[in-house]
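# Observations on the three-dimensional arrangement
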Amino acid sequence: MNALSVVHLAKAFGNVPAVVDLSLSVAPGETVALLGPSGCGKSTVLRCVAGLERPDAGQVCIGGRDMTALPPEARHVGLVFQDYALFPHLSVLGNVAYGPRMRGARRTEAEARAREALALVGLEALAARRTTELSGGQAQRVALARAVATGSPLLLLDEPLSNLDEQLRARLRADLRDLFARLGAGVLLVTHDQREALAVAARVAVMRAGRLVQVGAAGEVFARPATAWVAAFLGHANVLPGPGGTARLIPEDAVRLGEGEAFPVTARQTTDTGTEVMVGHPLGPLTLHLSPREAADICGGRLRLTVDPARVLTLPDDRETA
Ligand SMILES: Nc1ncnc2c1ncn2[C@@H]1O[C@H](COP(=O)(O)OP(=O)(O)OP(=O)(O)O)[C@@H](O)[C@H]1O
């Protein structure tokens, strides 16, 4: 039985179709990332699942039960939203114990569950602290612990690592993956950050303008994007226009440096990890990230390279539509 099944979900705001005929499921113990650019409808899906928004059509089943008509409090899901409102008048422990208390747990039992959840996010030492005295990263982890402590079979996370600096995000990404692996709950995670999705989720669902455009294993979707738009959105640097409405995706590992013909370097820019260059190639202008050693191979404004044709993917070019 799925932790979550969303079937033919639709939601419009006036004449803005925010979600269009979307179906998606999350198995128990599985983490699925709903990934897409700003405004594509990710949060609306999550809000419909949580019961905070009423869908125009479709069905939301949680743990096998049709919850479409039920209010949020009857759905028993753990929520972590961008604006993870913590109760300022309660301690960290009080915030995390609140969910179990509301579901009828005795105080000692609720606090034991809360301590367990705080230990999972590494904050047991801050149990007595007021939530107004936390850093952004700590507050975010309290919000996570609060969702975990509900013991819900389904966790919904909307950009749980936004508002944090890059270093902390990177650390928490790894923490989240471990945490989810231990929980056994289904997790639906909304993000516009493809690295976050790939790092945390086993499966990703890519959304564009209210619709799912590709669903699959995270590594597989990245290695084999269904269309040029998906490839570019996932951060592939070389998605070049091809003949007859197609595009060519040249993955980084298709390019071998230091061998073959020398092509002209047409632009060059220093980045934090090395050098980014544009190379004039018969397939089109290639953008390449070079290590300092590779950059030293640029000779007379030219760089020797080969492109393995077997690794070049031809995709439908859908970048202009929708
Ligand atoms: N309450 C609302 N009233 C009117 N329009 C809304 C409302 N909520 C969302 N929308 C519109 O619906 C579309 C989808 O919004 P949604 O917040 O679901 O996108 P998102 O992918 O989560 O974006 P972001 O990554 O920026 O949070 C957008 O065009 C948005 O402007």
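Conventions and cut-offs
- Residues numbered from 1 in each chain as written.
- Predicted model: local features only at pLDDT ≥ 70, side-chain atom pairs only at ≥ 80, totals over all residues.
- Heavy atoms only, no water.
- Helix = DSSP H or I, 4+ residues; strand = E, 2+ residues; numbered from the N terminus.
- Buried < 20%, exposed > 50% of the residue type's maximum accessible area, 1.4 Å probe, protein only.
- Contact = heavy atoms within 4.5 Å.
- Near = heavy atom within 4 Å.
- Polar contact = N/O pair within 3.5 Å; in protein donor to acceptor, adjacent residues only side chain to side chain.
- Areas by Shrake-Rupley, 256 points an atom, 1.4 Å probe, with all protein chains shown as cover.
- Pairing = 2+ DSSP bridges.
- Salt bridge = Lys/Arg side-chain N within 4 Å of Asp/Glu carboxyl O.
- Core = buried A, V, L, I, M, F, W, Y, C linked by side-chain atoms within 4.5 Å.
- Expected span 1.5 Å × (residues − 1).
- Domains from an automatic or database assignment.
- Buried area = accessible area lost by both parts, 1.4 Å probe.
- Nonpolar A, V, L, I, M, F, W, Y, C, P; charged D, E, K, R; others polar.

## Comments concerning the overall build of the chain
Scanning the chain from N- to C-terminus turns up nine helices and 17 strands. The C-alpha extent of the chain, read off along each of the three principal axes, is 75 × 45 × 35 Å. Out of the 322 residues in the chain, the part that is buried amounts to 48%. Pairs at least 24 residues apart make up 64% of the contacts formed inside the chain by residues separated by at least 6 positions.

## Considerations on the site of the ligand
Neighbouring the ligand are the residues F13, V16, A18, P37, S38, G39, C40, G41, K42, S43 and T44. At 2.6 Å, a side-chain N or O of S38 approaches an oxygen atom of the ligand. In this structure, an oxygen atom belonging to the ligand sits 2.8 Å away from a side-chain N or O atom of K42. Against a free-state accessible area of 640 Å², the protein chains account for coverage of 58% of the ligand.

## Quick notes on the pairing of strand 8 (residues 186–191)
Side-chain positions along a regular strand alternate between the two faces of the sheet. Within strand 8, six of the six residues are buried, which leaves the element mostly enclosed by the surrounding structure. Where strand 3 (residues 31–35) and strand 8 come together, five bridges link them in parallel fashion. Residue L35 lies in a different strand from strand 8, and its bridge partner there is T191. In this sheet, strand 8 lies alongside strand 7 (residues 154–158) in parallel orientation, the contact comprising five bridges. Along strand 8, the bridge assignment pairs D158 with V190.

## A closer look at the pattern of salt bridges
Per the counting criterion, the structure on display carries 11 salt bridges. A salt bridge links R311 to D253; the nearest nitrogen and oxygen atoms lie 3.3 Å apart. Within this pair, whereas R311 is found in the loop between strand 16 (302–307) and strand 17 (313–316), its partner D253 is found in the loop between strand 12 (246–249) and strand 13 (255–270), the two being separated by 58 residues in sequence. With a relative accessible area of 40%, R311 lands in the partly exposed category. Through salt bridges with shared partners, a single ionic network connects R169, R173, D193 and E196.

## Remarks on the nonpolar core
Residues V96, L118, L157, F180 and V204 are the most contacted members of the largest nonpolar core, which totals 48 residues. When residues of this core are assigned to their parent elements, the largest contribution, eight residues, is made by helix 4 (residues 136–149). In this structure V204 touches A33, A197, Q214, V215, G216, A218 and V221, once residues within four positions along its chain are discounted.

## Some thoughts on helix 4
With 14 residues, helix 4 extends 20 Å between its outermost C-alpha atoms, agreeing within 8% with the 20 Å of an ideal straight helix rising 1.5 Å per residue. Along helix 4, 13 of the 14 residues are buried, which leaves the element largely enclosed by surrounding structure. Following helix 4 by one or two positions, G151 adopts a phi angle in the positive range, close to 65°.

## Here we look at the domain arrangement of the chain
Under the domain assignment, the chain is made up of domain 1 (4–228) and domain 2 (236–316). If you look at the interface, domain 1 gives seven residues, while domain 2 gives seven residues. Carbon and sulfur atoms supply 68% of the area buried between domain 1 and domain 2, which totals about 550 Å² over both sides. In terms of surface lost to domain 2, no three residues of domain 1 exceed F222, P225 and A228, which account for 64% of the buried area on that side. Joining domain 1 to domain 2, the criterion identifies zero salt bridges. Linking domain 1 with domain 2 are two residue pairs in polar contact (both at pLDDT 80 or more), by the criterion used here. Class assignment of the residues belonging to the side of domain 1 that touches domain 2 gives a composition of five nonpolar, one polar and one charged.

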